[in-house]
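# Reading the structure
Given next are the chains, with one letter for each unit.
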Amino acid sequence: MKDLFGYFKPLLARERVQPPLWLSAKPFLVAGTYTGEKVPANVWQMGIYVMGPGGNGGNNGGGGGGGGFAFGVIDVNPGDTLPSFIVGAPANSSNFGNGLITATQGANNSGNTGGLGGTGFCSPTLRGAVTADGGQGGLSSACSGGGGGAGSMYGKGGKGGYGRISGSWSGGGGFGGDGGEAHFAGSGAGGGGAGIGNDGGGSSWIVATSSGGGGGTASGGSGGNVGTIEGGMGG
């Protein structure tokens with residue numbers, strides 16, 4: 001709706017409805033503090049999400065935990081200056097608006113135990129709030145456990161795969177799917193896919209060059225007797 005001069009009238013907060021699809025995005029991927037960002041023309045609401053950094057895994061130890069996730073919708077007017085926000089470096093949290101939306105980092109491994117995933121928080125004053133924990137890093141008994149997946153709109157991040165056999169590679173957790181286990185030296189397991197239950201496949205139990213498929217919209221299969229597709233390395 002426009003006023004007498006042809007400019008769009010600001011919508012009242014109670015009249016703003018979250019769209020079924022966000023048509024544009026501006027990611028900030030480099031760690032640091034950002035200030036002075038302006039709201040573009042004809043924008044009255046923005047969906048903001050933050051993700052915490054992942055934890056460190058150990059060499060032949062447990063995998064690092066995945067970072068937390070949080071999302072919320074803020075009401076804005078064109079030309080507004082957004083509050084400052086932080087893209088977290090390793091061992092630090094990410095946040096928007098001095099804690100309005102926050103995601104903590106995943107924990108580092110502790111020996112053979114994988115680090116716990118980070119958490120997310122969104123102020124109850126915001127619309128459309130979604131939070132999700134990161135997945136725990138994979139356990140290790142003989143090789144590095146897979147890293148935990150970050151939390152996301154799909155829910156909690158997937159767990160890292162179990163580092164079972166020396167000289168193999170376990171799969172990293174995905175956006176909900178768990179990383180697969182590597183069962184044979186020289187093989188790799190598939191990484192987790194998007195969505196809970198869409199797990200990466202485990203490697204073959206008998207062939208070194210056979211690796212599990214990555215989890216997609218259905219679970220990845222175990223590796224067969226041939227094949228050379230490797231999953232993500234843990235650690």
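The structure this text deals with has already been given above.
Residues numbered from 1 in each chain as written. Predicted model: local features only at pLDDT ≥ 70, side-chain atom pairs only at ≥ 80, totals over all residues. Heavy atoms only, no water.

### Points about the overall build of the chain
Note the following rule: Working definition: helices are DSSP H or I runs of at least four residues, strands are E runs of at least two. Numbering for both runs from the N terminus. Each residue is placed in one exposure class: buried if its accessible area under a 1.4 Å probe, protein chains only, is under 20% of its type's maximum, exposed if it is over 50%, and partly exposed if it falls in between. Contact definition: two residues touch when any of their heavy atoms are within 4.5 Å.
Of regular secondary structure, the chain possesses 0 helices and 8 strands. For the chain, the succession of helices and strands along the chain, N to C, is β-β-β-β-β-β-β-β. In the chain, which comprises 235 residues, the share counted as buried stands at 43%. When contacts within the chain are restricted to residue pairs at least 6 apart in sequence, those whose partners lie at least 24 apart make up 45%.

### A look at the sheet that holds strand S1 (residues 32–34)
Counted only if it meets this: At least two bridges found by DSSP between two strands is the condition for calling them paired. Axis definition: a line fit to C-alpha positions, over the contact stretch in the case of helices; interaxial angles, taken between N-to-C directions, run 0 to 180 degrees.
On the basis of which strands lie adjacent, the open sheet formed by 5 strands has the order S1-S4-S5-S6-S7 and antiparallel pairing. The open sheet has two edge strands, S1 and strand S7 (120–122), and neither has a second partner. Averaged over all pairs of adjacent strands, the angle between strand axes in this sheet comes to 15 degrees, irrespective of strand direction. Two elements, strand S6 (residues 101–103) and S7, share 3 bridges in a ladder whose sense is antiparallel. Bridge assignment links Thr-102 to a residue of S7, and that residue is Phe-121.

### A closer look at the pattern of salt bridges
Where we set the bar: Just to be clear on terms, a salt bridge is a Lys or Arg side-chain nitrogen sitting within 4 Å of an Asp or Glu carboxyl oxygen.
Applying the stated rule across the entire model yields 2 salt bridges. The residue Asp-75 makes a salt bridge to Arg-127 at a minimum N-O spacing of 2.7 Å. Here Arg-127 lies in strand S8 (residues 127–132) and Asp-75 lies in strand S3 (residues 69–75), a separation of 52 residues in the sequence. Exposure remark for Arg-127: the relative accessible area of 22% places this residue in the partly exposed category.

### Comments concerning the environment of Thr-33
Here Thr-33 shows up in strand S1. Residues Thr-33 and Phe-96, 63 residues apart in the sequence, show an inter-C-alpha distance of 9.8 Å. Setting aside residues up to four positions removed in sequence, Thr-33 forms contacts with Phe-85 and Ile-86.

### Some remarks on the nonpolar core
The line we're drawing: Nonpolar cores were defined as sets of buried Ala, Val, Leu, Ile, Met, Phe, Trp, Tyr and Cys residues, with membership established by side-chain atoms within 4.5 Å.
Residues Met-46, Ile-74, Phe-96 and Ile-101 are the most contacted members of the largest nonpolar core, which totals 14 residues. If you list the elements that add at least two residues to this core, you get strand S2 (45–51), S3 and S6. No other element matches S2, which puts 3 residues into this core.

### Quick notes on the sheet that holds S2
Read across the sheet, 3 strands follow the order S2-S3-S8 without closing on themselves; strand pairing throughout is antiparallel. Strands with a single pairing partner mark the edges of an open sheet, and in this sheet they are S2 and S8. Here the average twist between neighbouring strands, direction ignored, is 15 degrees.

### Describing the packing of aromatic side chains
Put simply, the test is: Between the rings of Phe, Tyr and Trp (Trp by its six-membered ring), a pair exists once the centres lie within 6.5 Å; its type follows the angle of the planes, with under 30 degrees stacked, over 60 edge-to-face, and the other angles tilted.
As enumerated under the stated definition, the model contains 5 aromatic pairs in all. Judged by centre distance (5.3 Å) and plane angle (10 degrees), the rings of Tyr-34 and Phe-85 are stacked. Of this pair, Tyr-34 sits in strand S1 while Phe-85 sits in strand S4 (residues 85–87); the two residues are 51 residues apart in sequence, bridging distant segments of the chain. You can call Phe-85 buried: its relative accessible area is 9%. Ring-pair connections join several aromatic residues into one group, and the members of that group are Phe-28, Tyr-34, Phe-85 and Phe-96.

### As for the pairing of S3
Within S3, 6 of the 7 residues are buried, which leaves the element mostly enclosed by the surrounding structure. The pairing of S2 with S3 spans 7 bridges and is classified as antiparallel. What sits directly across from Val-50, in S3, is Ala-70. Pairing analysis gives 4 bridges linking S3 to S8, with the strands arranged antiparallel. Residue pairing in the sheet places Phe-71 in a bridge with Val-130 of S8.

### Structural notes on the side chain of Thr-102
Position of Thr-102 relative to the elements: it lies in strand S6. Residue classification places Thr-102 among the buried positions, given a relative accessible area of 19%. When sequence neighbours within four positions are dropped, the list of residues in contact with Thr-102 reads Val-50, Ala-70, Ser-94, Asn-95, Thr-119, Gly-120 and Phe-121.

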